[in-house]
Amino acid sequence: MVNPGLTPLAQAEGQGEVLLLRQAQELGFPVKGTWVVGLWEEFARLNNLAERIGRLFQGVFGVRIDEERLLLAAEEAKRAVRESYLLPERAEAFLEALGGRGPFLVRRAGEGVYHLAQTPREALFALKRLWAEAFRVEAILERYPALLPPPPALTVLVQEVTTLPPPEGGLLEDPFLSLDLSQALGQKVVAYTWEGALLRIESARGG
């Protein structure tokens with residue numbers, strides 16, 4: 001069977017929020033069904049994104065930044081990601097792994113902005129949109145001279161919910177759960193919940 005590139009939270013390795021969510025789950029806190037997506041490196045390699053995106057930004061950064069070319073290059077980089085593809089067998093395995101489940105909240109680990117997906121196929125589309133968002137002008141300027149973000153920065157979480165929260169502001173801090181989690185984890189964190197279960201942990205250390 002082809003690896004779907006989806007790792008259940010309980011088996012996932014990683015740092016930052018992935019680690020915090022796994023620890024919270026191990027401690028018995030009510031964490032929503034969560035999978036960690038580990039497909040960016042293969043996706044970028046198969047679609048030759050490092051070279052393609054590098055060419056797009058040639059001449060953008062010199063003695064001074066060519067702002068017009070930067071805007072155009074960023075839009076083309078996002079388009080390149082959105083229009084690229086996973087291996088067909090990988091995409092099918094991804095869909096099969098989530099088959100019969102949903103809806104989903106899809107977001108980058110350590111970030112609160114999320115995409116909503118009613119079905120596994122919508123979750124797959126949301127995955128590419130999240131990867132594409134890493135090439136916003138602001139994100140590129142923040143990490144320059146690197147054009148592609150490091151793989152951990154593109155770790156995506158797929159989280160199953162019963163009902164979809166609003167597109168913005170749906171996840172609310174639970175101050176009591178935040179306090180309990182902070183004590184259990186030994187560091188100050190903020191817990192965000194939906195439907196009475198934990199979906200996101202924000203660390204005071206960032207992420």
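Residues numbered from 1 in each chain as written. Predicted model: local features only at pLDDT ≥ 70, side-chain atom pairs only at ≥ 80, totals over all residues. Heavy atoms only, no water.

Draft legend 1. Looking closely at the packing of aromatic side chains. By the definition in use, this model includes six aromatic pairs. A centroid spacing of 5.4 Å and a plane angle of 65 degrees characterise the contact between Trp40 and Trp131, whose relative ring orientation is edge-to-face. Residue Trp40 is found in helix H2 (residues 40-46), and its partner Trp131 is found in helix H6 (residues 120-133); the two are separated by 91 residues along the sequence. When the ring of Trp40 is compared with that of Phe135, the centres are 6.5 Å apart and the planes differ by 40 degrees; the resulting orientation is tilted. Highlighted residues: Trp40 in helix H2 and Phe135 in the loop between H6 and helix H7 (137-143), separated in sequence by 95 residues. On the accessibility criterion, Trp40 (6% relative accessible area) is buried. With relative accessibility at 0%, the residue Phe135 sits in the buried group. Ring pairs connect the aromatic residues Trp40, Phe43, Trp131 and Phe135, which therefore count as one cluster. A cation over an aromatic ring shows up here: Lys128 above the ring of Tyr85, its NZ or CZ 4.6 Å from the ring centre. (Phe/Tyr/Trp six-rings, centres within 6.5 Å; stacked < 30°, edge-to-face > 60°. Helix = DSSP H or I, 4+ residues; strand = E, 2+ residues; numbered from the N terminus. Buried < 20%, exposed > 50% of the residue type's maximum accessible area, 1.4 Å probe, protein only. Lys NZ or Arg CZ within 6 Å of the ring centre and 35° of its normal.)

Draft legend 2. Focus on the sheet that holds strand S1 (residues 6-8). What the five strands build is an open sheet, ordered S1-S2-S5-S3-S4; its pairing is antiparallel. Bordering the open sheet on either side are S1 and strand S4 (114-117), each of which pairs with just one other strand. On average, adjacent strands in this sheet sit at an angle of 25 degrees to one another, irrespective of strand direction. Here S1 runs beside strand S2 (residues 34-37); their pairing, made up of three bridges, is antiparallel. (Pairing = 2+ DSSP bridges. Axes fitted to C-alpha atoms, helices over the stretch in contact; angles between N-to-C directions.)

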